[in-house]
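Okay, here's what each chain looks like letter by letter:
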Protein chains: 2
Amino acid sequence: MPVAKKNRLTQEQFDAIARAVADPRRFAILKQIAAQPTMGCGSLEEHKTISPATISHHIKELTEAELVEVAREGRCAHLTLRRDVWDAYLSQLSSL
Amino acid sequence: MPVAKKNRLTQEQFDAIARAVADPRRFAILKQIAAQPTMGCGSLEEHKTISPATISHHIKELTEAELVEVAREGRCAHLTLRRDVWDAYLSQLSSL
DNA sequence: CATCCATTTCGATGTGCGTCGAAATATCCG
DNA sequence: CGGATATTTCGACGCACATCGAAATGGATG
């Protein structure tokens, strides 16, 4: 169950997301995760551009910001965007 | 007439805005500018916290991201948020 | 012009973080 | 088990940038 309602972000989480989005490459990764229903292992575009270590780092940042969720299934890692968190971020942003 | 329609952001501008928003203090400044209709000289909260040099720097960043507009009137600097740009940013974000 | 105040510029400093290579760890398959 | 492939961790490096103090600029006013 992916569930989990999220209506308000802590200041800390808000900052984490803002930081996560600020890096173009990380944002590109996030976009791909959002596009795919569930993102399989090494199917990220960035695999051709960036080193595995860096990708892993970015994904870690994204998960720690609670923007994406990781589900390991064998050697595949399924990545899914947490829409609720993303929406919360947008909503908080738009109330500038 | 403050005018100026802005429907689409260049990648460069998008990144600049994302970066600008990523810094908590700078975002706080932006919020105050957004709140006040026109923000007078040294009426920023941050004047008690941050050095003038730093404030000036942040405002420069914000203007270079075209997020705020500066109008000098004597020794006062009027700061206004460019809603069109901000909305464009939000819109672009939400289409993840 | 001289003084005052607000803002900017400049230069220096410290730090956060994106990046990588290499080693460690994990997972699968034969 | 042993080899192959995928991901993570670790350590180091370099750069971008937030921050400041001090000096410079600019505009108002006496």
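Quick summary incoming for the structure in this document. (Residues numbered from 1 in each chain as written. Chains lettered and ligands numbered in written order. Predicted model: local features only at pLDDT ≥ 70, side-chain atom pairs only at ≥ 80, totals over all residues. Heavy atoms only, no water.)

## A short note on the overall build of chain A
Moving on, step 1. Broken down by element type, chain A carries 4 helices and 2 strands.
Moving on, step 2. Counting every position in chain A, which comprises 96 residues, the buried fraction comes to 44%.
Moving on, step 3. For chain A, the proportion of contacts with a sequence separation of at least 24, taken over those separated by at least 6, is 59%. (Helix = DSSP H or I, 4+ residues; strand = E, 2+ residues; numbered from the N terminus. Buried < 20%, exposed > 50% of the residue type's maximum accessible area, 1.4 Å probe, protein only. Contact = heavy atoms within 4.5 Å.)

## Thoughts on the pattern of salt bridges
Any two side chains of opposite charge can pair, given that their charged atoms come close.
Moving on, step 1. Throughout the structure, instances matching the rule amount to 6 salt bridges over all chains.
Moving on, step 2. When the shortest N-O distance is used, the salt bridge between A:Asp84 and A:Arg82 registers 3.3 Å. Both residues of the pair, A:Asp84 and A:Arg82, count as buried.
Moving on, step 3. For B:Glu66, the salt bridge goes to B:Arg82, with nearest N and O atoms at 3.8 Å. Within this pair, whereas B:Glu66 is found in the loop between helix H3 (52-64) and strand E1 (68-73), its partner B:Arg82 is found in the loop between strand E2 (76-81) and helix H4 (83-94), the two being separated by 16 residues in sequence.
Moving on, step 4. Residue B:Glu66 is classed as partly exposed on the basis of its relative accessible area, which comes to 31%.
Moving on, step 5. Three or more residues joined by partner-sharing salt bridges are found here, namely A:Glu66, A:Glu69, A:Arg82 and A:Asp84. (Salt bridge = Lys/Arg side-chain N within 4 Å of Asp/Glu carboxyl O.)

## Regarding the protein's contact with DNA strand D
Moving on, step 1. As a structural note, the neighbourhood of DNA strand D is formed by 20 residues, with A:Arg72, B:Arg25, B:Thr54, B:His58 and B:Gly74 the closest of them.
Moving on, step 2. By atom count, sugar and phosphate contribute 81% of the portion of DNA strand D lying within 4 Å of the protein.
Moving on, step 3. Here a phosphate oxygen of DNA strand D sits 2.5 Å away from a polar atom, N or O, in the side chain of A:Arg72.
Moving on, step 4. In this structure, a phosphate oxygen belonging to DNA strand D sits 3.0 Å away from a side-chain N or O atom of B:His57. (Near = heavy atom within 4 Å. Polar contact = N/O pair within 3.5 Å; in protein donor to acceptor, adjacent residues only side chain to side chain.)

## Considering the packing of aromatic side chains
All names here are of chain A.
Moving on, step 1. One pass over the full model with this rule turns up 6 aromatic pairs over all chains.
Moving on, step 2. Ring geometry for Trp86 and Tyr89: centres 5.7 Å apart, planes at 40°, overall tilted. Linking Trp86 with Tyr89, this pair stays in helix H4 (residues 83-94), spanning 3 residues, or about one helical turn.
Moving on, step 3. The buried category is assigned to Trp86, whose relative accessible area is 1%. (Phe/Tyr/Trp six-rings, centres within 6.5 Å; stacked < 30°, edge-to-face > 60°.)

## Brief notes about the packing of helix H1 (residues 11-22) of chain B against H4(B)
All names here are of chain B.
Moving on, step 1. At a closest axis distance of 11 Å, the pairing of H1 and H4 adopts a crossing angle of 95°. It follows from the interaxial angle that H1 and H4 lie roughly perpendicular. Residue-level inspection shows Gln13, Phe14, Ile17, Ala18 and Val21 of H1 in contact with H4, the latter providing Val85, Trp86, Tyr89, Gln92 and Leu93.
Moving on, step 2. Considering only residue class, the contact of H1 with H4 consists of 8 nonpolar, 2 polar and no charged. (Axes fitted to C-alpha atoms, helices over the stretch in contact; angles between N-to-C directions. Parallel < 35°, antiparallel > 145°, perpendicular 65-115°, else oblique. Nonpolar A, V, L, I, M, F, W, Y, C, P; charged D, E, K, R; others polar.)

## Digging into the interface of chain A and chain B
Moving on, step 1. Counting residues at the interface gives 18 residues for chain A, matched by 18 residues for chain B.
Moving on, step 2. Summed over the three residues of chain A that lose the most area to chain B, namely A:Ala22, A:Leu93 and A:Leu96, the buried surface amounts to 39% of that side.
Moving on, step 3. Counting across the interface, chain A meets chain B through 0 residue pairs in polar contact (both at pLDDT 80 or more).
Moving on, step 4. Every element with two or more residues in the side of chain A that touches chain B is listed here: helix H1 (11-22), helix H2 (24-35) and H4 of chain A.
Moving on, step 5. Here the element with the most residues in the side of chain A that touches chain B is H1(A); it accounts for 6 residues.
Moving on, step 6. Looking at the side of chain A that touches chain B residue by residue, the class counts come to 14 nonpolar, 1 polar and 3 charged. (Buried area = accessible area lost by both parts, 1.4 Å probe.)

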